[in-house]
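Residues per chain are reported as follows:
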Amino acid sequence: MNNLLIPNPKEAESIHIIREVAAQFERPVLLFSGGKDSITLVRLAQKAFYPARIPFPLLHVDTGHNFPETIEFRDRLVEELGLELIVRNVQDSIDQGKVREERGRYSSRNSLQTTTLLDAIEEFKFDACIGGARRDEEKARAKERVFSVRDDFGQWDEKNQRPELFDMLNGKIHNGQNVRCFPISNWTELDVWEYIKTENIEIPSIYFAHEREVFLRDGMIWTANEHVFREAHEEVLVKMVRFRTVGDMTCTAAVFSEAVSLDDVVGEIRDSSISERGARIDDKRSEAAMEKRKKVGYF
Amino acid sequence: MSENRKLIKIATAGSVDDGKSTLIGRLLYDTKSLTTDKIEAIERSSKQRGYDYLDFSLATDGLVAEREQGITIDVAHIYFNTDKTNFIVADTPGHVEYTRNMVTGASTSQVAIILIDARKGVIEQTYRHFFISNLLRISHVVVAINKMDLVNYDEEVYLKIKADFDALVAKSDFTEDQITFIPVSALKGENIARQSEEMPWYVGNTLLDHLEVLEPADLQEHSVARFPVQYVIRPKTEAWHDFRGFSGMLYGGNLKVGDEVTLLPSMNTSTIKSIHYFDQEIQEAAPGSSIAITLDTEVDLSRGDMLVKSSSVPRSEKQLTATICQVNSKPLRVGGKYILQHGVNRVLAKVDQIESRIHTDFTGTETADQLKLNDIGRVHFRLSKPIHFDTYKENKANGSFILIEEGEYDTVSVGFIE
Ligand SMILES: Nc1nc2c(ncn2[C@@H]2O[C@H](COP(=O)(O)OP(=O)(O)OP(=O)(O)O)[C@@H](O)[C@H]2O)c(=O)[nH]1
Ligand SMILES: [Mg+2]
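Thresholds applied
- Residues numbered from 1 in each chain as written.
- Chains lettered and ligands numbered in written order.
- Predicted model: local features only at pLDDT ≥ 70, side-chain atom pairs only at ≥ 80, totals over all residues.
- Heavy atoms only, no water.
- Disulfide = S-S within 2.5 Å.
- Buried < 20%, exposed > 50% of the residue type's maximum accessible area, 1.4 Å probe, protein only.
- Near = heavy atom within 4 Å.
- Polar contact = N/O pair within 3.5 Å; in protein donor to acceptor, adjacent residues only side chain to side chain.
- Areas by Shrake-Rupley, 256 points an atom, 1.4 Å probe, with all protein chains shown as cover.
- Helix = DSSP H or I, 4+ residues; strand = E, 2+ residues; numbered from the N terminus.
- Nonpolar A, V, L, I, M, F, W, Y, C, P; charged D, E, K, R; others polar.
- Contact = heavy atoms within 4.5 Å.
- Phe/Tyr/Trp six-rings, centres within 6.5 Å; stacked < 30°, edge-to-face > 60°.
- Lys NZ or Arg CZ within 6 Å of the ring centre and 35° of its normal.
- Domains from an automatic or database assignment.
- Buried area = accessible area lost by both parts, 1.4 Å probe.
- Pairing = 2+ DSSP bridges.
- Axes fitted to C-alpha atoms, helices over the stretch in contact; angles between N-to-C directions.
- Left-handed = near helix turned anticlockwise from the far one by under 90°.
- Salt bridge = Lys/Arg side-chain N within 4 Å of Asp/Glu carboxyl O.
- Parallel < 35°, antiparallel > 145°, perpendicular 65-115°, else oblique.

**Some words on the state of the cysteines**
Linking two cysteines covalently through their sulfur atoms gives a disulfide. Residue and element names in this part refer to chain A. This structure, assessed with the given rule, holds zero disulfides over all chains. Here Cys129 is not disulfide-linked; the sulfur of Cys181 is the nearest cysteine sulfur, at 7.8 Å. In this structure Cys129 comes out as buried when scored by relative accessible area, which is 1%.

What follows is the structure in structure tokens.
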């Protein structure tokens, strides 16, 4: 038996937030992408309700262009933990004529996900969606509340947010409204990786360095396969890469990396010569990539 | 994560254009927390505007409206770390109109950095923000006298401002050792992460060094144990058939297995049988832990109730007096009915009397029949059911509440119980 528990403040806060979601809402759902942030959320939710099961389902909005490794991982996790998983497909929204597939060089199904998500919220009458967004990801995110109230259209009114004082969360809403809840708002990318390491949490293999067919465009490393639009002159190379975020293939770029273990990954991110937010590795390489692009006469 | 790094939460304060966002941008830059692409973006846009130097406020002002107007509107949370410490900084707006956002940002912080423009000295917003820091009982205040580059790094200017500020400190509840003065230039990085050669007369720590040595008290670390029940865990599985765990966050003090506890509101007593943190059973938990507790006896205890040590029971009352800060444009009026949220507990509350509006420059009070946005006042409430509270002074988490209005369910006020 462990003697004295000294809490990890960020973890304790996240557990507190997840319990508030379960207590304040009737039909919460955890938005699960198969990425490291949502995997971390699942672990935190386990901790929040142990020894009971997580009292809400996971929802995955599948673009149909996910990395197969992520989908396999998702199904295994759900099976092992006895979770309830709901999958809604962007392909169905396309087939139903609700959204139209993008075409051309930068075509992606990323933005089409919103329609599928809002439909799912309506279908299941979800009143709270738990997401893995972090404030350190992006400037506008830095302004986001932990409980972010959305109107019937899922919109965020950034200038009119409810103040959040101390750790008191106000999730009171009217019918038809829903709240996006962000338990790991205060975590940084490094926090997430260090946590995955200390907790020994399994993650999809694409987070570790592996050989992959890729091509370079705009200083980024793109996956070369049938889902990603590629110009004839964009040459396919085989490189050692890994992913720092995992989403739709069409919008998730890889980074060159030799990191094959969690220690390596944490080291890579912690190393002060590499930026925490994913830019520097890319940037360093991108100078070369940019040069190359210019050489081939970027349009 | 960060097991061996401590976490320090900071809020900036000060008037418009005193350089809060610039200071944070500078801290990020000097601790190498800015990515190359961000630095390049800052360089580009600083050049575009014809500056000789980098405008670091661009690193934190994330809303389009903010960048257009060059001011901060809403709180931004910024993260950076050094080898020893994880920092969370709430960059709050200086504009009077957005004072409520300063209160919000400061409520989750242990340290306030109040900036003063060396050319302007102590002005109204300085009073107001220092008053709020005092009201919130922030552990440490750093007074950063900024833009020293614009006053030739003159020690006299610094001393004059320090003396003016000391007069304010004397009127507050702060003791001298809670206040630290540092002359800085956020723009040039003088005394931020690097000891300034321009100000050899200043022998104290740089801002970053100072922040790193602080050991501030958090919301959770205070006096005696308070355990508000957040969620009752009932697995109803074969393996855990009879398990009934009361989950929540522990505030104020430790709880351990075997402690004799009193349950509120029933006033029943019981003994702690086990404490659970995920799949581990632990003997004792420190404040700030999110845990689940089981008791020796079958008791009636649900969300909003509270478990405390029998040796120190809080007050349970249906009437209370609090200092209120109004954080919404809908004013607080006598007779107004609200949902009062105290931690995770909600009751109905009615405003019995607004005793006074408090001047935020430490000059006293005036009578008022309503509290408008950003007003601070002393208010008496009547509640539908008793809540179990301490004064804010004794226990921050158990001595504060918010008011939710019943139309849009907006959070309209924050209260500090007296
Ligand atoms: N010369 C000089 N200028 C500074 C210094 N610090 C900030 N400034 C300038 O002061 C102006 C305002 O700085 P901000 O950082 O946006 O001010 P702020 O306090 O965040 O303002 P609000 O958020 O709107 O309240 C900018 O033009 C800065 O470049 C300093 O140390 N020296
Ligand atoms: Mg600012």
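**Remarks on the site of ligand 1**
All names here are of chain B. Taken together, 20 residues are adjacent to ligand 1, and Lys20, Ser21, Thr22, Thr72 and Asp149 come closest. One nitrogen or oxygen atom from the side chain of Ser185 is found 3.1 Å from an oxygen atom belonging to ligand 1. For ligand 1, whose free accessible area comes to 660 Å², the fraction covered by protein is 90%. Of the residues forming the shell around ligand 1, the biggest block, three residues, is contributed by helix 1 (residues 20-30). Of the residues in the shell around ligand 1, the class split is six nonpolar, nine polar and five charged.

**Section: the environment of His342 of chain B**
Among the secondary structure elements, His342 of chain B is positioned in strand 18 (residues 337-342). Remark: the alpha-carbon pair of His342 of chain B and His388 of chain B, spanning 46 residues in sequence, is separated by 8.8 Å. If near-sequence neighbours (up to four positions away) are discounted, His342 of chain B is found in contact with Met168 of chain A together with Met306, Ile387, His388, Phe389, Asn398, Gly399, Ser400, Phe401 and Ile417 of chain B. Among the polar contacts listed, one links the side chain of His342 of chain B to the backbone oxygen of Asn398 of chain B, at a separation of 2.9 Å.

**Some remarks on the packing of aromatic side chains**
Here the distance between the centres and the angle between the planes together describe a pair of aromatic rings. Applying the stated rule across the entire model yields 23 aromatic pairs over all chains. Judged by centre distance (5.2 Å) and plane angle (20 degrees), the rings of Phe124 of chain A and Phe126 of chain A are stacked. Ring geometry for Phe215 of chain A versus Trp222 of chain A: centroids 6.2 Å apart, planes at 20 degrees, classification stacked. Trp222 of chain A matches Phe215 of chain A in its accessibility class, with the two residues each being buried. Through pairs of rings, three or more aromatic residues link up here, namely Phe130, Phe131, Phe165, Phe174, Phe181 and Phe362 of chain B. Above the face of the Tyr409 of chain B ring, Lys172 of chain A is positioned so that its terminal group lies 4.9 Å from the ring centre. Residue placement shows Arg217 of chain A over the ring face of Trp222 of chain A; its charged tip is 4.7 Å from the ring centre.

**Description of the domain arrangement of chain B**
Residue and element names in this part refer to chain B. Taken domain by domain, chain B comprises domain 1 (2-219), domain 2 (226-309) and domain 3 (315-417). Put simply, the middle of domain 2 and the middle of domain 3, counted by C-alpha atoms, are 29 Å apart. Across the contact, eleven residues belong to domain 2 and nine residues belong to domain 3. When the two sides are added together, the surface that domain 2 and domain 3 hide from each other amounts to roughly 780 Å², 62% of it contributed by carbon and sulfur.

**Things to note about the sheet that holds strand 4 (residues 111-117) of chain B**
Two orientations exist for strands paired in a sheet by backbone hydrogen bonds: parallel and antiparallel. Residues and elements named next belong to chain B. With respect to topology, six strands assemble into an open sheet ordered 2-3-1-4-5-6, the strand pairing being mixed. The outermost strands of the open sheet, each flanked by one partner alone, are strand 2 (76-81) and strand 6 (179-183). For this sheet, the mean inter-axis angle between neighbouring strands, taken without regard to orientation, is 25 degrees. Relative to strand 6, strand 5 (residues 140-146) runs parallel, the two sharing five bridges. Residue pairing in the sheet places Val142 in a bridge with Thr180 of strand 6. Packing of helix 5 (residues 124-135) onto the sheet brings it into contact with strand 1 (6-13), strand 4, strand 5 and strand 6, and relative to strand 4 it is tilted by some 170 degrees.

**Quick word on the packing of helix 4 (residues 99-107) of chain B against helix 5 of chain B**
Residues and elements named next belong to chain B. Axis separation between helix 4 and helix 5 bottoms out at 10 Å; the angle between their running directions is 35 degrees. Regarding helix 4 and helix 5, the two cross each other, and that crossing is right-handed. Seen from helix 4, the contacting residues are Thr99, Met102 and Val103; seen from helix 5, they are Gln125, Arg128, His129, Ile132 and Ser133. Looking at side-chain class alone, the contact of helix 4 with helix 5 contains three nonpolar, four polar and one charged residues.

**Looking at the interface of chain B and chain A**
The interface of chain B with chain A comprises 83 residues on the first partner and 69 residues on the second. With both chains or domains summed, chain B and chain A bury close to 6,600 Å², and 58% of this area falls on carbon and sulfur atoms. On inspection of chain B and its partner chain A, the count reaches two salt bridges. The closest approach of N and O atoms between Arg303 of chain B and Glu20 of chain A, which form a salt bridge, is 2.8 Å. On the surface where chain B and chain A come into contact, there are 26 residue pairs in polar contact (both at pLDDT 80 or more). Tallying contributions element by element places strand 13 (residues 280-285) of chain B first for the side of chain B that touches chain A, with six residues. Residue classes in the side of chain B that touches chain A are distributed as 39 nonpolar, 28 polar and 16 charged.

**A few points about the packing of helix 1 (residues 9-24) of chain A against helix 2 (residues 36-49) of chain A**
The packing of two helices is summarised by the inter-axis angle and the distance between the axes. All names here are of chain A. Look at helix 1 against helix 2: their axes get within 9 Å of each other, and the N-to-C directions meet at 75 degrees. The pairing of helix 1 with helix 2 is recorded here as roughly perpendicular in orientation. Judged by residue contacts, Glu11, Ser14, Ile15, Ile18, Arg19 and Ala22 of helix 1 engage Leu41, Leu44, Ala45, Lys47, Ala48 and Phe49 from helix 2. Residue composition of the contact of helix 1 with helix 2, by class: eight nonpolar, one polar and three charged.

**What about the side chain of Ser185 of chain A?**
Locating Ser185 of chain A in the fold gives a position in the loop between strand 7 (178-181) and helix 6 (189-199). Classification of Ser185 of chain A by relative accessible area gives buried; the value is 3%. With sequence-adjacent residues up to four places away left out, Ser185 of chain A is seen in contact with Ala133, Arg134, Arg135, Arg145 and Val146 of chain A together with Tyr79 of chain B.

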